Amino acid sequence: MRTELAFVTPRKLPKAQSIKGRVVVLDVAFASEASGGGFNGITKPFIDGLGARLAAWVDHHDHAMHARYAGDPRFVLATKAEHGACPEMVTEELCARVGAIDTVVCHTDFDGLCSAAKWLREGKEPYPGADGDARAIDTRIGNPSALARRFDRAIRARPRDAGLLGLIVRHLATGLSDESLWIPVDEAGTELDAVERVTMELGRNYRRIDVARPSLPACTSIALLDVTHQRKMYSTRYDKTMLLLIGQERASIAVVLDGDTMTLAAPFDSGINFLEMLGLSGGMPTLVSVQKDRLAEALDRLGVSRSEIDALS
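Computed from a prediction, not measured in an experiment: that's the story for all the values here. (Residues numbered from 1 in each chain as written. Predicted model: local features only at pLDDT ≥ 70, side-chain atom pairs only at ≥ 80, totals over all residues. Heavy atoms only, no water.)

K.L.:
Tell me what's going on with the pairing of strand 6 (residues 103-107), and back it up with residues and numbers.
P.N.:
Successive residues of a regular strand alternate their side chains across the two faces of the sheet. For strand 6, a buried count of five out of five residues is recorded, marking the element as mostly surrounded by other parts of the structure. Burial of the side chains of strand 6 extends over both faces: T103, V105 and H107 are buried on one face and V104 and C106 on the other. In the sheet, strand 1 (residues 4-8) pairs with strand 6 via five bridges, with the strands oriented parallel. By the bridge assignment, L5 is partnered in strand 6 with V104. (Buried < 20%, exposed > 50% of the residue type's maximum accessible area, 1.4 Å probe, protein only. Helix = DSSP H or I, 4+ residues; strand = E, 2+ residues; numbered from the N terminus. Pairing = 2+ DSSP bridges.)

K.L.:
Give a description of the nonpolar core that names residues and reports values.
P.N.:
One finds L26, V104, F110, W119, F151, I168 and L172 to be the most contacted residues of the largest nonpolar core, which totals 40 residues. In this structure V104 touches T3, E4, L5, A6, V24, L26, A116, W119 and L120, once residues within four positions along its chain are discounted. Residues V255, M262, F274 and I309 belong to the second largest nonpolar core, which totals 25 residues. (Core = buried A, V, L, I, M, F, W, Y, C linked by side-chain atoms within 4.5 Å. Contact = heavy atoms within 4.5 Å.)

K.L.:
Describe in detail the packing of helix 6 (residues 162-173) against helix 7 (residues 182-190), supporting the description with residues and values.
P.N.:
Where helix 6 contacts helix 7, the axes come no closer than 10 Å and their chain directions differ by 130°. For the element pair helix 6 / helix 7, the angle class is oblique. For helix 6 against helix 7, the interelement crossing comes out left-handed. Residues L164, L167, I168 and H171 of helix 6 form the contact with helix 7, whose participating residues are W182, P184, V185 and A188. Broken down by class, the residue content of the contact of helix 6 with helix 7 amounts to seven nonpolar, one polar and no charged. (Axes fitted to C-alpha atoms, helices over the stretch in contact; angles between N-to-C directions. Parallel < 35°, antiparallel > 145°, perpendicular 65-115°, else oblique. Left-handed = near helix turned anticlockwise from the far one by under 90°. Nonpolar A, V, L, I, M, F, W, Y, C, P; charged D, E, K, R; others polar.)

K.L.:
Explain the side chain of D133 residue by residue, including any values.
P.N.:
Take D133: it is sitting in helix 4 (residues 130-139). Buried and unpaired, D133 has R149 as its nearest opposite-charge partner, separated by 7.2 Å. Side chain to side chain, D133 and Y127 meet in a polar contact 2.6 Å long. Once residues within four sequence positions are removed from consideration, D133 is found in contact with F110, Y127, P144, S145 and A148. (Lys, Arg positive; Asp, Glu negative; His and termini not counted. Salt bridge = Lys/Arg side-chain N within 4 Å of Asp/Glu carboxyl O. Polar contact = N/O pair within 3.5 Å; in protein donor to acceptor, adjacent residues only side chain to side chain.)

K.L.:
Could you give me a rundown of the layout of surface pockets, with the residues and numbers involved?
P.N.:
Roughly 270 Å³ of volume is contained in the second largest pocket. Along the wall of the second largest pocket there are 13 residues; nearest its centre are R140, P144, R149, D152 and R156. For the lining of the second largest pocket, the secondary-structure elements that each account for two or more residues are helix 4, helix 5 (146-157) and helix 9 (240-250). It is helix 5 that provides the largest number of residues to the lining of the second largest pocket, a total of four residues. (1 Å grid on protein atoms, 1.4 Å probe; cavity = no way out; pocket = protein on both sides within 12 Å on 5 of 7 lines; lining within 4 Å. Points joined across faces, edges and corners; volume = space filled by probe spheres on them.)

K.L.:
Could you give me a rundown of helix 1 (residues 38-50), with the residues and numbers involved?
P.N.:
The terminal C-alpha atoms of helix 1, which comprises 13 residues, lie 18 Å apart, in line with the 18 Å expected from a rise of 1.5 Å per residue. Along helix 1, the largest kink reaches about 35° and is centred on K44; proline P45 follows within four residues of it. Three or more residues of helix 1 are buried, namely G38, F39, I42, T43, F46, I47 and L50. Its buried side turned inward, helix 1 meets strand 2 (23-26), strand 3 (54-59), strand 4 (62-63) and strand 5 (75-77). Positive backbone phi, at 55°, marks G51, one or two positions downstream of helix 1. (Expected span 1.5 Å × (residues − 1). Bend = angle between axes of the 7 residues up to and from the residue.)

K.L.:
Now, about helix 9: what can you tell me, with residues and values included?
P.N.:
Every buried residue of helix 9 is accounted for by M242, L243, L244, I246 and G247. Check the buried side of helix 9 and you find it contacts helix 5, helix 8 (192-203), strand 8 (221-226), strand 9 (253-258), strand 10 (261-265) and strand 12 (287-291). Capping of helix 9 at its N-terminal end is provided by D239; its side-chain oxygen lies 3.0 Å from the backbone amide nitrogen of T241.

K.L.:
Tell me about the environment of Y127, residues and numbers included.
P.N.:
Tracing the sequence through the fold places Y127 in the loop between helix 3 (110-120) and helix 4. Y127 gets classed as buried once you look at its relative accessible area, which sits at 7%. Expressed as a C-alpha distance, the spacing of Y127 and D72, which sit 55 residues apart in the sequence, is 31 Å. Once you skip the residues sitting within four places of it in the chain, Y127 turns out to touch F110, D133, S145, L147, A148, L172 and L176.

Nothing here speaks to function; it is geometry throughout.
Right under this line is the structure:
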């Protein structure tokens with residue numbers, strides 16, 4: 001029987017009854033308070049709803065609730081520092097131990113899709129170096145291969161296109177054996193060009209704030225950008241990941257405000273932990289999204305002067 005695929009995000013999980021048979025969940029973080037319902041409102045109901053049908057949950061995002069499942073062999077959980085990407089955690093030994101499954105539930109980025117494909121291949125890389133490519137893309141450290149960049153561009157261009165995501169998993173799962181499958185992948189990737197142009201335009205408006213009393217050694221400056229009104233000038237959406245990276249080229253930390261949301265980002269190897277700083281139970285230590293009304297609190301904890309904070313209000 002053909003294994004089914006379900007594409008999800010930590011903030012939006014499906015009803016457990018809509019997922020068929022034995023299930024493996026890959027690269028899906030436990031939800032934190034910043035996700036609205038948090039772990040108790042989003043993740044736990046999904047886990048409980050799957051019950052004995054949950055065969056394995058494999059993830060590499062930090063979360064305080066990992067400890068609750070430490071004695072359950074179905075949960076293979078690590079921190080981002082331990083595993084920069086999820087595919088390297090999907091091993092032949094793990095797949096053999098878990099056995100046959102009916103549905104793979106995975107995150108909608110290259111990390112998640114590559115993990116799904118590797119599971120379908122019973123723990124074998126889709127192509128030599130795929131694990132390293134996933135780590136490079138997910139941590140933004142190192143250079144992913146040209147193959148991985150083609151996939152990543154397509155995913156970022158159409159992050160909610162389940163048909164495209166499924167095609168990418170199948171292409172990876174068959175070891176890239178069907179050259180014709182590159183056609184829709186590359187067609188989708190070209191759509192990112194317009195998104196990147198808008199992102200570059202928005203990125204020109206970052207404001208740099210020097211931190212007078214750094215509370216974190218790695219944070220001596222902040223690049224701050226509010227796109228709430230600016231983005232409405234464009235007919236094409238922007239790429240938040242790219243926008244945050246532009247900010248990190250100009251300062252230690254990038255902060256993007258959009259509507260009611262504030263996103264903070266720092267380099268993966270910076271040692272900065274926004275989860276601890278903001279009292280969040282889980283997620284990526286160097287990339288968090290919270291309510292915009294916590295801006296003053298965040299800037300204060302990062303060491304920005306009170307006068308500077310007041311000027312931004």
